[in-house]
Amino acid sequence: MYQIIDGKAISTALKEELKVKVDEMKSHGTVPCLAVILVGEDPASTVYVGNKKKACEFIGIKSLSYELPESTSREELLELIEKLNADDSVNGILVQLPLPKHIDEDAVIKAISPKKDVDGFHPQSVGALCIGQPGFVSCTPAGIIELLKRSNVEIEGKECVIIGRSNIVGKPMSLLMLRENATVTVCHSRTKNLAEVTKRADILIVAIGKPKMITAEYVKEGAVVIDVGIHRLEGKKLCGDVDFDDVAPHTSAITPVPGGVGPMTIAMLMKNCVESVSLNS
Ligand code: NAD
C-alpha cells in the first residue's frame, strides 16, 4: 500500500509553527512585513495573490498590497521596487509573475534587493544556492524538500530523477537534491528514452506542465513520486503531470493534486518572509 504525501496537512503544520515564531517576534516588537505587487488582472495571478495574503493574515505577517493597472510601465514598477527596497519596515518583496508582456521580467527580478527576495528568483539567490551559500530558495522546490523530510523519505544516496529544467522548479530542485546528497539526473524535452531514465529513480520529481503525461511505464516499482504540475480540466477538476490512478499503486509514496506540492509553495514563501526579518534587521 502506498503513502499519500499530504501537502495540505504538512503545510498547515508548518504555518502553525511560523505563527508561533511570529507571535514571539511580535512580543519583542517586530512585525514581519511582505509587500505583494500584482500588475494587471490575470485571474490565476489574482487568486494566487489572494491566497498569499490569506496565509500572511493567518501567520500574523503584515502584508502590503500593490495592485497596479495592466498599463503600468517598467519604469513605474522599478520605481516602486526601489522604494520598497529602501523601506526598512518591509522585509520581503514579491512581484507576482507572469508580468504583462511589455515589462521585462528579468529586469524586475534583478531590481529586488537579494535581502528581500523571498521568491528566491534573483540571480544572486540562485548563485548562492548553486555554490552552497545561504540565500533564499525558490519556494516550490524548497517545499518539496520539506515534504520529503516531513514524510520521512530518505534522500541521501538515492537516485533522484527530475523531469523539467525550468528556472523556478527543475533547476533549483536539482541543486537542492544535490545538497541533500542524492544522485541527480535532470530530464527535459530533448531527453531520449525518457522512461528508461525515469525508471532508475528512487525519487521521481515531475515538473513538465503536461496533464497526466507520466504513467506507470515511467515509474520504478516502489519509487516516491512528487507531482509539481497543476492543470484545470474541463469541469474544473484539478490534475497534475502524473496520471495518479495509474501510477500510485506502483509507488511507495506519492503527492496528490490538489493537496500535494501546491500548498507547500505558499507555506515556504511564508517561511522565507519570516526568515527575511533577520536579514533586514
Ligand atoms: P516550464 O514550462 O517552465 O518547464 C517545463 C519543463 O518540462 C521544461 O524544462 C521542458 O524541457 C520539460 N518538458 C516539456 N515537455 C517535456 C517532455 N515531453 N518530456 C520531458 N520534459 C519535458 O514549467 P514549470 O514552471 O517548471 O512548471 C511545471 C508545472 O508545474 C506546470 O504545470 C506548472 O503549472 C506547475 N507548477 C506548480 C507549482 C506549484 O506550486 N504547485 C509551482 C510552479 C509550477
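In this text, all values refer to a predicted model and were calculated from it rather than measured experimentally. (Residues numbered from 1 in each chain as written. Predicted model: local features only at pLDDT ≥ 70, side-chain atom pairs only at ≥ 80, totals over all residues. Heavy atoms only, no water.)

Counted by the stated rule, this structure contains 1 aromatic pair. In this arrangement the basic side chain of Lys19 is found over the ring face of Phe58, its NZ or CZ atom lying 5.8 Å from the centre. (Phe/Tyr/Trp six-rings, centres within 6.5 Å; stacked < 30°, edge-to-face > 60°. Lys NZ or Arg CZ within 6 Å of the ring centre and 35° of its normal.)

Domains assigned within the chain are domain 1 (29-115) and domain 2 (139-262). Domain 1 and domain 2 are separated by 29 Å when their C-alpha centres are compared. (Domains from an automatic or database assignment.)

Another aspect to go through is the sheet that holds strand 5 (residues 159-163). Spatially, 6 strands are ordered 1-11-8-7-5-6 in an open sheet, and the strand pairing comes out parallel. The outermost strands of the open sheet, each flanked by one partner alone, are strand 1 (3-4) and strand 6 (183-187). The pairing of strand 5 with strand 6 spans 5 bridges and is classified as parallel. If you follow Cys160 over to strand 6, its bridge partner there is Val184. Taken strand by strand, helix 7 (residues 170-179) contacts strand 5, strand 6 and strand 7 (203-206), and its axis lies near 170° from that of strand 5. (Pairing = 2+ DSSP bridges. Helix = DSSP H or I, 4+ residues; strand = E, 2+ residues; numbered from the N terminus. Contact = heavy atoms within 4.5 Å. Axes fitted to C-alpha atoms, helices over the stretch in contact; angles between N-to-C directions.)

Okay, the site of the ligand next. The ligand sits among 22 residues. The nearest are Arg165, Ser166, Ser189, Lys210 and Thr265. Taking Lys210, its side chain carries an N or O atom lying 3.0 Å from a nitrogen atom of the ligand. Here the ligand, which alone exposes 860 Å², has 72% of that area covered by the protein. Looking at the shell around the ligand, the element that brings in the most residues is helix 10 (residues 261-280), giving 3 residues. Considered class by class, the residues forming the shell around the ligand number 10 nonpolar, 10 polar and 2 charged. (Near = heavy atom within 4 Å. Polar contact = N/O pair within 3.5 Å; in protein donor to acceptor, adjacent residues only side chain to side chain. Areas by Shrake-Rupley, 256 points an atom, 1.4 Å probe, with all protein chains shown as cover. Nonpolar A, V, L, I, M, F, W, Y, C, P; charged D, E, K, R; others polar.)

Let us now look at the pattern of salt bridges. In this structure the tally under the stated criterion is 8 salt bridges. For the salt bridge of Glu17 with Arg150, the shortest nitrogen-to-oxygen distance reads 2.9 Å. With Glu17 in helix 1 (residues 7-27) and Arg150 in helix 6 (residues 139-150), this residue pair connects regions lying 133 residues apart in the sequence. Residue Arg150 is classed as partly exposed on the basis of its relative accessible area, which comes to 31%. (Salt bridge = Lys/Arg side-chain N within 4 Å of Asp/Glu carboxyl O. Buried < 20%, exposed > 50% of the residue type's maximum accessible area, 1.4 Å probe, protein only.)

A separate point is the side chain of Ser11. Assignment of secondary structure puts Ser11 in helix 1. Looking at Ser11, its side chain comes within polar contact range of the main-chain oxygen of Lys8, at 2.9 Å. The contact partners of Ser11, leaving out residues within four places of it in the chain, are Pro263, Met264 and Ala267.

Quick look at the layout of surface pockets now. Considered as a void within the structure, the largest pocket measures approximately 1500 Å³ in volume. Looking at the lining of the largest pocket, the elements with two or more residues in it are helix 1, helix 2 (43-59), helix 6, strand 9 (231-232) and helix 10. Each of domain 1 (29-115) and domain 2 (139-262) accounts for three or more of the residues forming the lining of the largest pocket. Of the voids in this model, the second largest pocket is the one considered here, and its volume is about 470 Å³. What lines the second largest pocket is a set of 21 residues, and nearest its centre among them are Gly135, Phe136, Val137, Asn272 and Glu275. (1 Å grid on protein atoms, 1.4 Å probe; cavity = no way out; pocket = protein on both sides within 12 Å on 5 of 7 lines; lining within 4 Å. Points joined across faces, edges and corners; volume = space filled by probe spheres on them.)

A few words on the packing of helix 6 against helix 7. Where helix 6 contacts helix 7, the two axes come as close as 9 Å, and the packing angle between them is 40°. In terms of axis orientation, helix 6 runs oblique to helix 7. Considering the relative orientation of helix 6 and helix 7, their crossing is right-handed. Contact residues: Pro141, Ala142, Ile144, Ile145 and Leu148 in helix 6; Pro172, Met173, Leu176 and Met177 in helix 7. A class-by-class count of the residues in the contact of helix 6 with helix 7 yields 9 nonpolar, no polar and no charged. (Parallel < 35°, antiparallel > 145°, perpendicular 65-115°, else oblique. Left-handed = near helix turned anticlockwise from the far one by under 90°.)

Our focus in this paragraph is empty space enclosed by the protein. Counted according to the given criterion, the structure contains 1 cavity of 30 Å³ or more. One number sums up the size of the largest cavity: a volume of about 70 Å³. As for the largest cavity, its lining consists of Ile93, Leu94, Val95, Leu97, Val108, Ile109, Ile112, Asp117, Val118, Asp119 and Phe121. Elements represented by at least two residues in the lining of the largest cavity include exactly strand 4 (92-95) and helix 4 (105-111). For the lining of the largest cavity, the element with the highest residue contribution is strand 4, accounting for 3 residues. A class-by-class count of the residues in the lining of the largest cavity yields 9 nonpolar, no polar and 2 charged.

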